[in-house]
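Residue strings, one per chain:
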Amino acid sequence: MTGMTGHLAALAAALDEELPAAAALRHRLHARPCLSGAEAPTRDLVLAALPAGSATQVAGTGAVLRIGGPGPAVAVRAELDALAVQEKSGAPWASAHPGLMHACGHDVHLAALTALARAVDRTGGPAPLLAVLQPREETYPSGARDVVEDGILDREQCRSVIGAHVQPLLPAGTVACTPGGVNASADEFTITVRGRSGHAAYPHLTRDPVVALAHVVVALQSLVSRGTDPMSHVVLTVGTLAAGTAANVIPGTAEARGTLRALGTDDREMLHTRLAEVAALVAQTHGCTAQTDIIRGEPVLDNDPALTAATRPLLDPLGLSAGDDLRSAGSDDFSFFCARLPSLMLFVGTHGGTEQLHSPTFLPPDERIRDVAHAMLAGYLAAAEQLT
């Protein structure tokens with residue numbers, strides 16, 4: 001890692017000089033949030049702040065910009081989209097668009113990436129940097145998947161991808177740099193139970209799908225408590241139930257929707273199979289049928305062990321503390337990059353308290369731009385050394 005020492009000091013100093021402009025950019029981005037799929041104004045605002053170059057539009061409203069010369073490159077990704085949340089932060093630069101807010105820190109990530117890209121452009125880096133402005137992280141279809149499937153990373157000779165995400169569960173100044181699975185796969189399911197409708201006063205003449213579905217929901221909990229290794233990380237949540245329109249009518253159908261999350265691919269596939277089996281068999285005992293439909297979302301976000309190990313020692317010289325391992329059942333479509341290339345997602349502390357992502361009051365201070373940018377720099381330098 002000694003070959004990176006000179007680059008680290010020069011780039012860190014240049015990056016710090018970019019922080020005032022990055023904070024101003026963050027304020028503009030925060031005040032003008034755009035929903036997933038409509039991020040072109042955000043993309044263009046960031047591109048105008050990045051070094052001059054030929055940006056390639058990708059995934060509809062996203063873009064990739066190369067900084068540096070030809071050859072194998074390291075990508076650093078930041079997300080463009082905001083959320084349908086009514087802001088309650090009270091900041092003077094709060095969202096000017098009612099019902100929209102950067103409540104997940106994407107404005108901080110974009111500002112940090114811009115500062116890093118400008119520092120690399122001014123100072124020079126050990127490898128070309130690809131600034132990936134990714135759309136649709138918060139919804140389907142996944143922007144990261146579309147970037148990967150576009151083939152632009154292959155065309156740009158990308159060898160690894162770095163990401164950083166603010167994390168209020170960690171203290172400020174702390175960065176979780178954890179190998180292996182750190183975010184769960186995330187899939188959505190719908191179970192439709194069909195029976196025979198009729199008058200509520202004559203239940204014996206019906207096949208009640210509501211009762212059947214209620215038993216299905218309870219039975220599904222055993223897939224986690226009794227169907228998986230207690231040391232595994234698995235979540236099954238039913239989030240919505242829908243059936244009927246009148247109190248005195250037994251409906252013909254009832255529906256449940258929910259999410260499946262797992263930090264292991266084997267557990268993920270087991271849940272898919274057993275979910276459908278349990279739903280069908282339990283419904284059958286009540287004289288009903290059950291159809292299960294699963295929408296496959298993000299795979300497990302699996303940090304590359306070698307890239308993780310190379311990044312950790314670079315955090316301390318940048319004023320950041322490598323924190324405890326952090327794994328969660330949350331999901332991020334950065335996992336699609338991990339499935340294609342050696343990749344690393346770093347979690348950057350902001351509070352260390354009870355503040356939550358996606359909250360209407362979530363507003364990391366501008367000082368966290370520096371922490372995110374330095375974490376990105378550490379990952380970029382570690383990945384660049386692996387190119388040599």
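Since this is a predicted model, take the numbers as computed values, not measurements.

**Q** What is the right way to read the sheet that holds strand β3 (residues 73-79) from this model?
**A** By definition, the strands of a sheet pair up through backbone hydrogen bonds, in either a parallel or an antiparallel sense. Strands sit in the order β1-β2-β4-β3-β5-β16-β6-β15 across an open sheet of eight strands; the sheet is mixed. Both edges of this open sheet fall to β1 (56-58) and β15 (321-322), since each of them pairs with a single strand only. In this sheet, β15 lies alongside strand β6 (residues 174-176) in parallel orientation, the contact comprising two bridges. Among the inter-strand pairings, Val 175 is bridged to a residue of β15, identified as Ala 322. Set on the sheet, helix α3 (residues 106-123) makes contact with β2 (62-67), β3, β4 (129-134) and β5 (158-167); between it and β3 the angle comes to about 150°.

**Q** Mind showing me how you'd approach the pattern of salt bridges here?
**A** Between side chains of opposite charge, pairing is possible as soon as their charged atoms come close. Considering all chains together, one arrives at 19 salt bridges under this definition. A salt bridge links Glu 156 to Arg 66; its shortest N-O distance comes to 2.8 Å. Taken together, the residues span a long stretch of sequence, with Glu 156 in the loop between α5 (152-155) and β5 and Arg 66 in strand β2 at a distance of 90 residues. Exposure remark for Glu 156: the relative accessible area of 18% places this residue in the buried category. The class of Arg 66 is partly exposed, set by a relative accessible area of 21%.

**Q** Before we go on, may I ask you to explain helix α6 (residues 209-220) in this structure?
**A** For an α-helix, the turn length of 3.6 residues means that residues three or four places apart are oriented alike. With twelve residues, α6 extends 16 Å from end C-alpha to end C-alpha; this agrees with the ideal 16 Å at 1.5 Å per step. All buried positions along α6 are accounted for by Pro 209, Ala 212, Leu 213, Val 216, Val 217 and Leu 220. Down the axis of α6, the buried side of the element spans an arc of 140°, and every buried residue falls inside it. Summarising the contacts, the buried residues of α6 are in contact with β8 (185-194), α7 (222-225), β10 (234-243), β11 (249-250), β12 (253-262) and α8 (265-285).

**Q** How do you make sense of the packing of α6 against α8 when you look at a structure like this?
**A** Helix-helix packing is characterised by the crossing angle of the two axes and by the distance between the axes. The geometry of α6 relative to α8 is characterised by a closest axis approach of 9 Å and an angle of 140° between their N-to-C directions. Considered as vectors, α6 and α8 are oriented oblique to each other. Once α6 is placed against α8, the crossing between them reads as right-handed. Contacts between α6 and α8 involve Ala 212, His 215, Val 216, Ala 219 and Leu 220 from the former and Leu 275, Val 278, Ala 279, Val 282 and Ala 283 from the latter. A per-class count over the contact of α6 with α8 returns nine nonpolar, one polar and no charged.

**Q** How should the side chain of Thr 192 be read in this particular structure?
**A** Along the chain, Thr 192 turns up in strand β8. If we ignore the near neighbours within four places in the chain, the residues touching Thr 192 are Ala 254, Glu 255, Thr 289, Ala 290 and Gln 291.

**Q** How should I be thinking about the packing of α3 against helix α11 (residues 367-387) in this particular structure?
**A** α11 packs onto α3 with a crossing angle of 55° between their chain directions and a minimal axis gap of 8 Å. One way to sum up the angle between α3 and α11 is to call them oblique. The handedness of the crossing between α3 and α11 comes out as right-handed. Contacts between α3 and α11 involve Val 108, His 109, Ala 111, Ala 112, Leu 113, Leu 116 and Val 120 from the former and Arg 368, Ile 369, Val 372, Ala 373, Met 376, Leu 377 and Tyr 380 from the latter.

**Q** Even after reading the chapter, I still don't get the nonpolar core, so can you show me in this structure?
**A** Grouped together as the largest cluster of nonpolar side chains are 62 residues, with contacts concentrated most on Leu 377 and Tyr 380. Of the residues forming this core, the biggest block, twelve residues, is contributed by α11. Setting aside anything within four residues of it in sequence, one finds Leu 377 in contact with Leu 8, Leu 11, Ala 12, Leu 15, Leu 116 and Leu 318. Among the nonpolar cores identified, the runner-up in size contains 26 residues, and Leu 130, Val 132, Ala 176 and Val 182 belong to it.

**Q** Which parts of the structure should I look at to understand the pairing of β2?
**A** Strand residues, when the strand is regular, have side chains that alternate between the two faces of the sheet. Burial analysis of β2 places five of its six residues in the buried class, which makes it a mostly covered element. Relative to β2, β1 runs antiparallel, the two sharing three bridges. From the neighbouring strand, Val 58 faces β2, where its bridge partner is Gly 62.

**Q** Help me out: how do you make sense of the side chain of Asp 267 in this one?
**A** Tracing the backbone through its elements, the reader meets Asp 267 in helix α8. This buried residue, Asp 267, is left without a salt bridge; Arg 268 holds the nearest opposite charge, at 11 Å.

**Q** Just checking my understanding: could you explain unusual backbone geometry for this structure?
**A** Where the residue is not glycine, phi is negative for most of them; where a peptide bond is considered, it is trans in most cases. A cis geometry characterises the amide bond from Tyr 140 onward to Pro 141, with omega recorded as -5°. Position of Pro 141 among the secondary structure elements: in the loop between β4 and α4 (143-150). Positive phi is not limited to glycine here, since His 358 has a value of about 70°. Of note, His 358 is situated in the loop between β16 (343-349) and α11.

Calculation criteria
- Residues numbered from 1 in each chain as written.
- Predicted model: local features only at pLDDT ≥ 70, side-chain atom pairs only at ≥ 80, totals over all residues.
- Heavy atoms only, no water.
- Pairing = 2+ DSSP bridges.
- Helix = DSSP H or I, 4+ residues; strand = E, 2+ residues; numbered from the N terminus.
- Contact = heavy atoms within 4.5 Å.
- Axes fitted to C-alpha atoms, helices over the stretch in contact; angles between N-to-C directions.
- Salt bridge = Lys/Arg side-chain N within 4 Å of Asp/Glu carboxyl O.
- Buried < 20%, exposed > 50% of the residue type's maximum accessible area, 1.4 Å probe, protein only.
- Expected span 1.5 Å × (residues − 1).
- Arc of directions from axis to C-beta.
- Parallel < 35°, antiparallel > 145°, perpendicular 65-115°, else oblique.
- Left-handed = near helix turned anticlockwise from the far one by under 90°.
- Nonpolar A, V, L, I, M, F, W, Y, C, P; charged D, E, K, R; others polar.
- Core = buried A, V, L, I, M, F, W, Y, C linked by side-chain atoms within 4.5 Å.
- Lys, Arg positive; Asp, Glu negative; His and termini not counted.

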